[in-house]
Amino acid sequence: MSVQKSAEAVVSGANHATKGRTGHTAGRRWSLMGCRTAEASPQEKAVPRHGGRNPRMPADSAQTPMASVTWTKAEPNTLMERVLSPANLRRAYRRVVNNRGAPGADGLSVDELAGYLKQYWPPLRERLQTGEYQPHGVRAVNIPKPQGGIRTLGIPSVLDRLIQQALLQQLTPLFEPLFSDFSYGFRPGRSAHQAIEMARAHVAAGYRWSVELDLEKFFDRVNHDRLMDLLARRVEDPHVLRLIRRYLEAGVMKGGLVSPRREGTPQGGPLSPLLSNILLNELDQELSRRGHRFVRYADDANVYVRSRQAGERVMASLERFLEQRLRLRLNRAKSQVVRPWRSSYLGYGMTVHRQPKLRIAGSSLQRLRERVKSLLRGRRGSQLTWLIERLNPVLRGWSSYFKLSQSKRPVEALDGWVRRLLRNVLWRHWKRPVTRARNLMRLGLPEERAWKSATNGRGPWWNAGALHLRQALPKKCWDALGLVSILDTITRLSRMT
């Protein structure tokens, strides 16, 4: 029996069409703010939901004189004018729409943003130019951390995400030249893979002790005064500085109440990664001044030294530097001086070889197993093709991130475990011994063996790993069904790099 026929026998002619969800505003051309002053249509006059500290204006307030909203041919002089330029705002709008994202505290969705801007942008733009704009409070959302615990994200309103993205696009060229070559997080043209390769290069050069710095609640403890002082060294526009300060101090809405914030920057807005890099660039410059080998991705920083004694000295001196200069606290329980092959960095581990090889950390393998099991939990009655469609994006994305892995055996075991999970689901689907025997025969097993396997009295998980099901449903059968193989994907991607 051919592989294609085996696959058809498994799915029994199931026909599942996947209907993609697309946003209806993503492809819509957006006529830019301030260039349109005609009377709004009745649909545009309908005021969508809005709340927060800056309530929506009535429709009459959107009518402004042409002179106040028309751009001249002169180049914008101030940073705020460049932020609010039509070309910059169009780019920011496309980015916000493509990113989708949940509504903020005001309830305005991405799909409603275009209509809202057409009606209310002129007065909003005037408030931004005069420094009177007040951001809305962010919506607090708790998500689990990979290592355990809870991380609180602050989701700004869609309008504030647009303004922050416009700010980011103009601030990045100002600060990017100042950043260290060993900083890789949230920077254009840089990635976590480059940070991991640099860490391996440090170890291969003989720096075989790692000082792992864990900043205690970094995003919750960012000192506003220190950060604004660093910003003011490069940003001269007072309106931009005032707006950033207001974003830092915007309250957090949780349970219907807004709590003021005196320190920290909320994770979730477009501007937050750049602000964290501006503050931690002080750490990078100090490490470079001392001549250390290091690598930093966002707030994950490792310093590589030649001995444990040197690592302990570096740990103590950096703890003092962080507290005195940046007013940040080191989490001593999670910070450590350790051999690189006994820990992990950004999900990867290393081997003990003189020229170390990259491997997937055990914690990363365990998190994928938990993710796959959660996708299949409670779905045992679903058809197999539907389950594969749910699993494939997770397996494909995970393989893409871990394409640098040079260890084959754990990935092979992971592939086999995923296939066993699906065989377990299939064995439960078949339920009765007669159905199991009939399907095993359809998949190519002899009648006697099929009946013996179908009536062995063992549980689904045992049968999923037994020889009869592995022979009836080999890897090539799952390939024909479209299941992503992690090993094959990593091998293909590693050849492309």
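Residues numbered from 1 in each chain as written. Predicted model: local features only at pLDDT ≥ 70, side-chain atom pairs only at ≥ 80, totals over all residues. Heavy atoms only, no water.

Peer 1: Give a description of the overall build of the chain that names residues and reports values.
Peer 2: Looking only at helices and strands, one finds 21 helices and ten strands in the chain. Scored against the burial criterion, the 497 residues of the chain give a buried share of 49%. Pairs at least 24 apart in sequence give 74% of the contacts found in the chain among residues at least 6 apart. With the model as given, the accessible surface of the chain reaches about 25100 Å², and the carbon-plus-sulfur share is 49%. (Helix = DSSP H or I, 4+ residues; strand = E, 2+ residues; numbered from the N terminus. Buried < 20%, exposed > 50% of the residue type's maximum accessible area, 1.4 Å probe, protein only. Contact = heavy atoms within 4.5 Å. Areas by Shrake-Rupley, 256 points an atom, 1.4 Å probe, with all protein chains shown as cover.)

Peer 1: Report on unusual backbone geometry, specifying residues and quantitative values.
Peer 2: The residue Arg 327 is not glycine, and still its phi comes out positive at about 60 degrees. Tracing the backbone shows Arg 327 in the loop between helix H12 (308-326) and strand S8 (336-338). A positive phi is found at Lys 431, a non-glycine position, where the angle reads about 60 degrees. Relative to the helices and strands, Lys 431 is located in the loop between helix H15 (409-430) and helix H16 (433-442).

Peer 1: I'd love a proper account of the packing of helix H6 (residues 158-175) against helix H10 (residues 238-249), names of residues and values included.
Peer 2: In the contact formed by H6 and H10, the axes pass within 12 Å of each other and the chain directions differ by 130 degrees. Classified by the interaxial angle, the pair formed by H6 and H10 is oblique. Crossing of H6 against H10: the hand is left-handed. Here H6 contributes Asp 160, Ile 163, Gln 164, Leu 167 and Leu 171 to the contact with H10, which in turn contributes Val 240, Leu 243, Ile 244 and Tyr 247. By residue class, the composition of the contact of H6 with H10 is seven nonpolar, one polar and one charged. (Axes fitted to C-alpha atoms, helices over the stretch in contact; angles between N-to-C directions. Parallel < 35°, antiparallel > 145°, perpendicular 65-115°, else oblique. Left-handed = near helix turned anticlockwise from the far one by under 90°. Nonpolar A, V, L, I, M, F, W, Y, C, P; charged D, E, K, R; others polar.)

Peer 1: Describe the environment of Arg 359, naming the residues involved and giving the relevant values.
Peer 2: When you line up the elements, Arg 359 lands in strand S10 (residues 358-360). Residues Arg 359 and Gln 406, 47 residues apart in the sequence, show an inter-C-alpha distance of 5.8 Å. Setting aside chain neighbours within four positions, we find Arg 359 in contact with Trp 341, Ser 343, Tyr 348, Gly 349, Met 350, Thr 351, Ser 405 and Ser 407. From its side chain, Arg 359 meets the backbone oxygen of Met 350 in a polar contact 3.1 Å long. (Polar contact = N/O pair within 3.5 Å; in protein donor to acceptor, adjacent residues only side chain to side chain.)

Peer 1: A description of the side chain of His 468 should follow, citing residues and the corresponding values.
Peer 2: Inspection of the secondary structure puts His 468 in helix H19 (residues 467-472). Classification of His 468 by relative accessible area gives buried; the value is 6%. One polar contact links His 468 to Asn 463, side chain to side chain, over a distance of 3.0 Å. In this structure, His 468 is in contact with Trp 427, Leu 440, Leu 445, Arg 449, Ser 453, Asn 456, Trp 462 and Asn 463, ignoring residues within four places of it in sequence.

Peer 1: Quick rundown of the pattern of salt bridges? Include the residues and the values.
Peer 2: Tallied over the full model, the rule gives 18 salt bridges. In this structure, Arg 100 engages Asp 111 in a salt bridge whose closest nitrogen and oxygen atoms are separated by 3.2 Å. Of this pair, Arg 100 sits in the loop between helix H4 (86-99) and helix H5 (110-130) while Asp 111 sits in helix H5, and the two are eleven residues apart along the sequence. Overall, the relative accessible area of 24% leaves Arg 100 in the partly exposed class. With a relative accessible area of 23%, Asp 111 lands in the partly exposed category. (Salt bridge = Lys/Arg side-chain N within 4 Å of Asp/Glu carboxyl O.)

Peer 1: I'd like a description of the packing of aromatic side chains, backed by residues and values.
Peer 2: Tallied over the full model, the rule gives nine aromatic pairs. Pairing Tyr 116 with Tyr 120 gives two aromatic rings, centres 5.0 Å apart and planes at 45 degrees, and the pair type is tilted. Placement of both Tyr 116 and Tyr 120 in helix H5 is noted, with a separation of four residues, approximately one turn of the helix. On the accessibility criterion, Tyr 116 (2% relative accessible area) is buried. (Phe/Tyr/Trp six-rings, centres within 6.5 Å; stacked < 30°, edge-to-face > 60°.)

Peer 1: Can you lay out the sheet that holds strand S3 (residues 209-214) for me, pointing to particular residues and giving the numbers?
Peer 2: What the four strands build is an open sheet, ordered S6-S7-S3-S8; its pairing is antiparallel. In the strand order of this sheet, the two ends are held by strand S6 (293-297) and S8, each with one partner. Strand after strand, the sheet turns through a mean of 20 degrees between neighbouring axes, direction not considered. Note: S6 against strand S7 (residues 300-305), five bridges, orientation antiparallel. (Pairing = 2+ DSSP bridges.)

Peer 1: Before we move on, can you summarise the environment of Trp 427 with the specific residues and values?
Peer 2: In this structure, Trp 427 sits in helix H15. In the structure, Trp 427 is positioned 36 residues away from Asn 463 in sequence and 7.7 Å away in space, judged by C-alpha atoms.

Peer 1: Go over helix H14 (residues 384-401), please, and point to the residues and values.
Peer 2: Spanning 18 residues, H14 covers 26 Å between terminal C-alpha atoms, matching the ideal 26 Å at 1.5 Å per step. Among all positions of H14, only Leu 384, Thr 385, Leu 387, Ile 388, Leu 391, Asn 392, Val 394, Leu 395, Trp 398 and Ser 399 are buried. (Expected span 1.5 Å × (residues − 1).)

Peer 1: How would you sum up the nonpolar core? Please name residues and give values.
Peer 2: Burial of nonpolar side chains together is a common tendency in soluble globular proteins. Counting residues in hydrophobic clusters, the biggest one holds 70 residues, and the most contacted among them are Leu 167, Leu 171, Leu 231, Ile 278 and Val 303. With sequence-adjacent residues up to four places away left out, Leu 231 is seen in contact with Phe 175, Leu 241, Ile 244, Leu 275 and Ile 278. (Core = buried A, V, L, I, M, F, W, Y, C linked by side-chain atoms within 4.5 Å.)

Peer 1: Describe helix H9 (residues 224-232), and please don't skip the residues or the numbers.
Peer 2: Those residues of H9 lying buried are His 224, Arg 226, Leu 227, Met 228, Leu 230 and Leu 231. Of the surrounding elements, those touching the buried residues of H9 are H6, H10, helix H11 (272-290) and H12. Structurally, the start of H9 carries an N-cap: the backbone nitrogen of Asp 225 is 3.2 Å from a side-chain oxygen of Asn 223.

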